[in-house]
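# Architecture at a glance
One letter stands for each residue in the lines below.
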Amino acid sequence: MKRKPVFSTVYLILGLLMMYLPIVIVMVYSFNQSKISSVWDGFSLKWYAELFKDRAFGSALVNSLILGGLSSLFAAVIGTMGAIGTARASLRGKGIMAYIATLPMLTPEIILGMIFLAYFSLIGLPFGMTTLVISHTAFSIPYVFMQVRARLAGLDPSFEEAARDLGAGRARSFFDITLPLILPGIVSGMLLSFAMSMDDVIVSVFVTGVKVNTLPVVIYTQLKTGVTPKVNALCTLMFFATLILVLLSALLGRIGNTKKSK
Amino acid sequence: MKNKNVRLLRRERGANAVLLGPMYLFTVIFLVGPFVYMIVLSFLSRAETWGVVNEFTLRNYLKIFEPTYLSTFWESIKLAFLVTALVILAGYPFGYFMAKLPAKWRGPVLMLVTIPFWTSSLMRLYGWIVIFRANGLLDKFLMALRLSGEPLKLLYTYPAVVVGMIYALLPFMILSVYSSVEKMDWTLVEAARDLGAGPVKAFFTVTLKCTMPGLMTGVILTFVPSMALFFIADILGGNKIALIGNVIQDQLMKVHDWPFAAALSVILMLMTTLMIFLYRKITGSKDVEGIV
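Note that the structure is predicted; figures quoted are calculated from it, not measured.

The helix and strand tally for chain B stands at 13 helices and two strands. On C-alpha atoms alone, chain B measures out to a radius of gyration of 24 Å, which is more than a quarter above the 19 Å that the 2.2 N^0.38 rule sets for 292 residues. In terms of principal-axis extent, the alpha carbons of chain B reach across some 90 × 65 × 35 Å. Partitioning the intrachain contacts of chain B with sequence separation of at least 6 by distance along the chain shows that 69% fall at a separation of at least 24.

Glancing now at the nonpolar core. Of all hydrophobic cores here, the largest spans 158 residues; its most connected members are A:Met114 and B:Ile232. Broken down by element, this core gets its largest block of residues, 16 residues, from helix α7 (residues 158-183) of chain B.

Further remarks concern unusual backbone geometry. All names here are of chain B. Of note in the backbone geometry, Tyr-156 takes a positive phi value of approximately 65 degrees without being a glycine. As for its position among the elements, Tyr-156 is in the loop between α6 (137-144) and α7. For Tyr-156, a count of 18 C-beta atoms within 10 Å corresponds to the partly exposed category. Residues other than glycine seldom take positive phi values, yet His-256 does so here, at roughly 55 degrees.

Interface size is commonly expressed as the accessible surface area that is lost when the partners come together. Taken together, the contact between chain B and chain A spans 70 residues of the former and 67 residues of the latter. Counting residues per element, the ones that place at least two in the side of chain B that touches chain A are α1 (2-41), α3 (67-99), α4 (103-118), α5 (121-132), α10 (212-228), α11 (230-236), α12 (244-255) and α13 (258-283) of chain B. Split into classes, the residues belonging to the side of chain B that touches chain A amount to 51 nonpolar, 14 polar and five charged.

Residue and element names in this part refer to chain B. Looking at the secondary structure, you find Ala-160 in helix α7. Overall, Ala-160 belongs to the buried group, with 26 C-beta atoms counted inside 10 Å. Sequence spacing of Ala-160 and Ile-129 is 31 residues, and the spatial spacing of their C-alpha atoms is 8.9 Å. Setting aside chain neighbours within four positions, we find Ala-160 in contact with Phe-132, Leu-154, Leu-155, Leu-236 and Gly-237.

Once that is clear, we can look at the pairing of strand β2 (residues 52-56) of chain B. Residues and elements named next belong to chain B. Burial of β2 is sparse: only zero of the five residues sit out of reach of the surface. Two elements, strand β1 (residues 44-46) and β2, share three bridges in a ladder whose sense is antiparallel. Residue pairing across strands places Ser-45 opposite Val-53, the latter belonging to β2. The hairpin turn running from β1 into β2, its antiparallel successor, is five residues long, and Gly-51 in that turn takes a positive phi close to 100 degrees.

Here the focus is the environment of B:Ala228. Residues and elements named next belong to chain B. Relative to the helices and strands, Ala-228 resides in helix α10. By C-beta crowding, Ala-228 is classed as buried, having 28 other C-beta atoms within 10 Å. Each C-alpha atom of the pair Ala-228 and Thr-217 lies 17 Å from the other, and the pair is eleven residues apart in sequence.

Once that is clear, we can look at the confidence of the model for chain B. The predicted coordinates should not be examined in detail at positions where pLDDT is low. Residues and elements named next belong to chain B. Averaged over chain B, the pLDDT score is 86; the fraction of residues at 70 or greater is 93%. Mean pLDDT across the elements of chain B bottoms out in α6 (81) and peaks in α3 (94). On the interface metric, ipTM, the complex scores 0.85, and its pTM is 0.85.

Residue and element names in this part refer to chain B. With respect to the helices and strands, Ser-148 occurs in the loop between α6 and α7. For the pair Ser-148 and Thr-114, spaced 34 residues apart in sequence, the C-alpha to C-alpha distance is 35 Å. Dropping the residues within four chain positions of it, Ser-148 is found in contact with Leu-142 and Met-143.

What counts, and where the lines are drawn
Residues numbered from 1 in each chain as written. Chains lettered and ligands numbered in written order. Predicted model: local features only at pLDDT ≥ 70, side-chain atom pairs only at ≥ 80, totals over all residues. Helix = DSSP H or I, 4+ residues; strand = E, 2+ residues; numbered from the N terminus. Rg over C-alpha atoms; globule rule 2.2 N^0.38 Å. Contact = placed C-beta atoms within 7 Å. Core = buried A, V, L, I, M, F, W, Y, C linked by C-beta atoms within 7 Å. Buried ≥ 20, exposed ≤ 12 C-beta atoms within 10 Å, placed from the backbone. Nonpolar A, V, L, I, M, F, W, Y, C, P; charged D, E, K, R; others polar. Pairing = 2+ DSSP bridges. pLDDT = per-residue confidence, 0-100.

Shown next as structure tokens:
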């Protein structure tokens, strides 16, 4: 005698509705003719048009894309190598190193911002794209590291052993066997890193230079001073960009999983 | 032959150790370095106008006990407790129900939870501004239903900040609890039920214990961060609600008392470390659950 789980279904649906409410509101008002966000004045695309005309948003977008691209790439290389090394090398202290490398995930962002700000001024690194890339790489590594490590844990070592037995060198067996198997993990970690970087305000506010602005920093400044509906349009576009990233990442995860279960 | 194998194995290990190189280098230079400097900085003196003097002092830590900062700490901790409790109340059932969905629904719902999580937090925050603003959507809605005679003007109030925090931190709890419940061995609950435990007792003695790692991960990711999310207090609370995060930000960007900001950060880091330590102690596990 199994009861239909009415309560839990209703709970989940209500919860999801609440989660999407603010997002939907911003999206709806991005098509609002009126400048005042609580008055609906008819459908219009004018804020999107104005957004594309705005030079400040354009350069912030380019900065954010460069930053997200570089930091997720570095995180992918460092995190993947680190995860493989941690799984296979027997080196003293690797556990504690892996812990420190994943620490940014558990550290409140303001502390990351503060330590990077203080440290970069101590070592005399000029604030700008370099400092942004370093700090974003730092908080992105854990995402790649954990994804790749999870993949490695589910990997049958006999595949690579077989390749080695058949005469493949270390490099060959890595590129032919291991890499394709962990690739979905690397890419999905990279996509998450990219999404995190595109969204980061706190760390960026602290380590950005005077000349370099990223999209979230521009939005944050606007939210604090006064919003034009252009921000609604911008947020809506960013939402769909993130949506595509998450869907891609999930899709890759699924591909990897079906491979694993075969 | 045996020697050759040993040599090969050694070379293999050497090659794997090289893989760790970039991570070690990056971690030492850009994480250990900054974290150590934060601790050092918290014991240094502040220069008259700007910058830091290399003079040892405990003043930064003593300053925390000044009434203004002490009360900020107290307010932050109260808020953190409130937010964490509400996040558990709302998030635990959600993660639990989600994990018990039929398999074909689990994936899509998981994705629906993840999407807002990866969406710009500023966008979500902005949505709440529109809702809470005086004569905004919430006021109009309540007045249309005649539930309230006049605008509530919730923006820039304490409840608005609490809602914003819950909203920002809830996904962490849901995802951590979900991954715990999903892994659970349900035969244990069945055994408890067979042995005569009611559903409530079975939940508290078996289910809750099995899902403790997820619940605790959720708490780690909620409690300390809720004291640090200064921009939520800033944007939804006006300048009326100051958390430790706001104090740190002010000290860094406006007052330029970096050593004091470092001391406050050290305290927050200690809280996080303590919670991770407790987590490892209680769950016996090294990894925190279900964040990625």
